[in-house]
Amino acid sequence: DFEIVFAGRSNVGKSSIVKALSGRKVKVGKRPGVTLKPTHVKKGELVITDLPGFGFMNGVKERKQDIVKDKIVRYIEEGNQRINIAAIVVDAGSFVEVVDRWDQRGELPIDIEIFDFFTEMDLEPLIVVNKMDKIREEDKDRVLDAIIERLGLFPPWRQWIDRVAPISVKKGDLQALNSIIRKRIHSAKRDSLL
Ligand code: GDP
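Our subject in this report is the structure included herewith. Since we're looking at a predicted model, the values are computed, not measured.

Criteria and cut-off values
Residues numbered from 1 in each chain as written. Predicted model: local features only at pLDDT ≥ 70, side-chain atom pairs only at ≥ 80, totals over all residues. Heavy atoms only, no water. Pairing = 2+ DSSP bridges. Helix = DSSP H or I, 4+ residues; strand = E, 2+ residues; numbered from the N terminus. Axes fitted to C-alpha atoms, helices over the stretch in contact; angles between N-to-C directions. Contact = heavy atoms within 4.5 Å. Phe/Tyr/Trp six-rings, centres within 6.5 Å; stacked < 30°, edge-to-face > 60°. Buried < 20%, exposed > 50% of the residue type's maximum accessible area, 1.4 Å probe, protein only. Lys NZ or Arg CZ within 6 Å of the ring centre and 35° of its normal.

### Looking at the sheet that holds strand S2 (residues 39–43)
- Pairing is mixed across the open sheet formed by 6 strands, whose spatial order is S2-S3-S1-S4-S5-S6. Looking at strand neighbours, the two that pair on one side only are S2 and strand S6 (164–166), the edges of this open sheet. Neighbour-to-neighbour, the strand axes of the sheet open up by a mean angle of 25°, direction not taken into account.
- Here strand S5 (residues 126–130) runs beside S6; their pairing, made up of 3 bridges, is parallel. Bridging across to S6, Ile-127 finds its partner in Val-164.
- Of the strands in this sheet, strand S4 (83–91), S5 and S6 are in contact with helix H5 (residues 140–150), which crosses S5 at around 140°.

### Concerning the packing of aromatic side chains
- As enumerated under the stated definition, the model contains 1 aromatic pair in all.
- Between Phe-117 and Phe-118, the aromatic rings sit 6.4 Å apart at their centres with planes inclined by 45°, giving tilted as the arrangement. One exposure class covers both Phe-117 and Phe-118, and it is buried.
- Here the guanidinium or amino end of Arg-105 rests over the ring plane of Trp-102, the centre of that ring lying 5.2 Å away.

Here it is in C-alpha cells:
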C-alpha cells in the first residue's frame, strides 16, 4: 500500500480533500479538535490518513493543541518507514495573515512546526494550498509565493511544482494534487524495483 497523510489547521478543508480523493463519505465540517485519532480511508492501493486538526477554534484549549501536536509527531515517527507522502494543508485565503500575526507575537504557528518536522523526517512534505477559489486570478502567483516563503521555500512557487499543490475542493479542482500523488507513487514503485 501507499500512504498519504494530511495535517493542517482545523477548517482548512482536510476532510473535504480526503472525501474528494477517496470518493467516500467522511465527516466534513466536524467540530475541530474532537477527534484525536488519525482516520484512514482506502482508495485502491492508496491509504489516505487524516491527522487530527489543530488551531484555536470553538474554545479548543491551548493544552489540547500540545496533545494534538504530540499525536501527529508520534504518528509520523512510528510510521516514518511506511508513509510515502506527508502533506500540510493550508487555507489560501488566510495562511499568510495567520503566520504573520503569530510572528508579531514572536511565536511559530503549528503549521510551520509540523512542516519543519516533516522535513526533518526526510518526507519532502507537500504544501497543499486549498480554497484557491477565494483568490483572484491575478493574485494567485503572488499569494502562492508568499505562502511557500513563510514555509521556508524560495519563490517562485512554480519551481516547486512537485511540492506545491494549489487546489480548490469547492471547484472540484484537485488536479495539482492528483498529479503529484501519481508521480510519487510512480517513483516509489520504481525505487522498490531497484
Ligand atoms: P477540516 O476541518 O480541515 O477537515 O475542513 P472541512 O473539510 O470540514 O472544511 C471546512 C470548511 O471549508 C467547510 O465549510 C467546507 O465546505 C469548506 N471548504 C472546503 N474546501 C473548500 C474550498 O476549496 N473552497 C472553499 N471556499 N471552501 C472550502
